[in-house]
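# Understanding the architecture of this molecule
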Amino acid sequence: MKVHGAVFTTASRRVFACLYEKELDFELVPVDMRAGHHKKEPFISLNPFGQVPAFEDGDMTLFESRAINLYVAHAYEDKGTQLICHGKKMAILSMWMQVEANQFDPVASKLVWELVIKLIFGMTTDTAVVEVQEAKLGQVLDIYEVRLGQSKYLGGDNFTLADLHHLPNIQYLMGTQVKKLFDSRPHVNAWCTDILARPAWLKVLAMQPNN
């Protein structure tokens, strides 16, 4: 099992977290994005869109982090943490996975770009963009606050992919001014504290100094 990716990217981290939760061994094949290797062969044969990560499991090759995680959760359902469910419960879980991908991620990713990535590369943060995106994220988190007042996790009473997929962006945003948006909502705050402390996620964070 191989993951072709970069340890600092949110999409790669999403897959690492899933594999650690499932207690699966994998090989990290580093992709030097600064050198543009994600846009060249041999990587482009694994993901024609030139985005990390790409994933190999025997003769199975996949890209798109959420699709990779769904495959892993189904193919290795008997391993580690049960990250999916069945029947009507899976419908609810799938709905919140879509919420993360379509409502949370676009806003959170823009904030990470403005408040984290730009600073790393010495670029100037656009405060007007940050203000707009903070307001949008606040609206999303208001909905999360209600949901998390009804169940411990977004997909139900157990930790699932719906929660896991949030981890990379939340981790980055917790080191910025946006942290206040999470802290000010009690149920969201408790949820963040819980999922950010998971042993599998701590293993993902520990990958950074070595890579």
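Now for a look at the structure at hand.

Rules behind the numbers
Residues numbered from 1 in each chain as written. Predicted model: local features only at pLDDT ≥ 70, side-chain atom pairs only at ≥ 80, totals over all residues. Heavy atoms only, no water. Pairing = 2+ DSSP bridges. Helix = DSSP H or I, 4+ residues; strand = E, 2+ residues; numbered from the N terminus. Axes fitted to C-alpha atoms, helices over the stretch in contact; angles between N-to-C directions. Patch = residues over 30% accessible without salt bridge, like charges linked within 9 Å, V, L, I, M, F, W, Y side chains within 5 Å. Areas by Shrake-Rupley, 256 points an atom, 1.4 Å probe, with all protein chains shown as cover. Salt bridge = Lys/Arg side-chain N within 4 Å of Asp/Glu carboxyl O. Core = buried A, V, L, I, M, F, W, Y, C linked by side-chain atoms within 4.5 Å. Buried < 20%, exposed > 50% of the residue type's maximum accessible area, 1.4 Å probe, protein only. Contact = heavy atoms within 4.5 Å. Phe/Tyr/Trp six-rings, centres within 6.5 Å; stacked < 30°, edge-to-face > 60°. Lys NZ or Arg CZ within 6 Å of the ring centre and 35° of its normal. Arc of directions from axis to C-beta.

With mixed pairing, four strands are arranged side by side in an open sheet as 2-1-3-4. Every interior strand has two partners, whereas the edge strands, strand 2 (27-30) and strand 4 (60-63), have only one. Going from strand to strand, the sheet's axes swing by 20 degrees on average, the running direction of each strand aside. Alignment of strand 1 (residues 2-5) against strand 2, held across four bridges, turns out to be parallel. Paired with K2 across the two strands is E27, which belongs to strand 2.

A cluster of nonpolar side chains, contributed by W113, I120, F121 and M123, occupies part of the molecular surface with about 410 Å² of accessible area. Looking at the secondary structure, you find W113 in helix 4 (residues 88-120).

Let us now look at the nonpolar core. In globular proteins that are soluble, nonpolar side chains generally tend to be buried together. If you look at the biggest cluster of nonpolar residues, it comprises 58 residues, and the most contacted ones within it are F104, L137, Y144, I170, F182 and W191. Not counting chain neighbours up to four residues away, the residues in contact with F182 comprise F104, L137, L141, I170, L173, M174, V188, N189 and C192. Counting residues in hydrophobic clusters, the runner-up holds five residues, among them F43, L46, V52 and A54.

Counted by the stated rule, this structure contains eight aromatic pairs. Both rings, one in W96 and one in Y144, keep their centres 5.9 Å apart while their planes meet at 80 degrees; by these two values the pair is edge-to-face. Remark: Y144 occurs in helix 5 (residues 127-148) and W96 occurs in helix 4; sequence separation between them is 48 residues. Taking the ring centre of F159 as reference, the NZ or CZ of R198 above it sits at 3.9 Å.

All right, on to helix 3 (residues 65-75) then. All of the buried residues along helix 3 are S65, I68, N69, V72 and A73. All buried residues of helix 3 project into a common sector of 130 degrees when viewed along the axis, lining one side. For helix 3, the elements touching its buried residues are helix 1 (10-21), strand 3 (54-57), strand 4 and helix 6 (161-164).

Keep in mind these values describe shape, not function.
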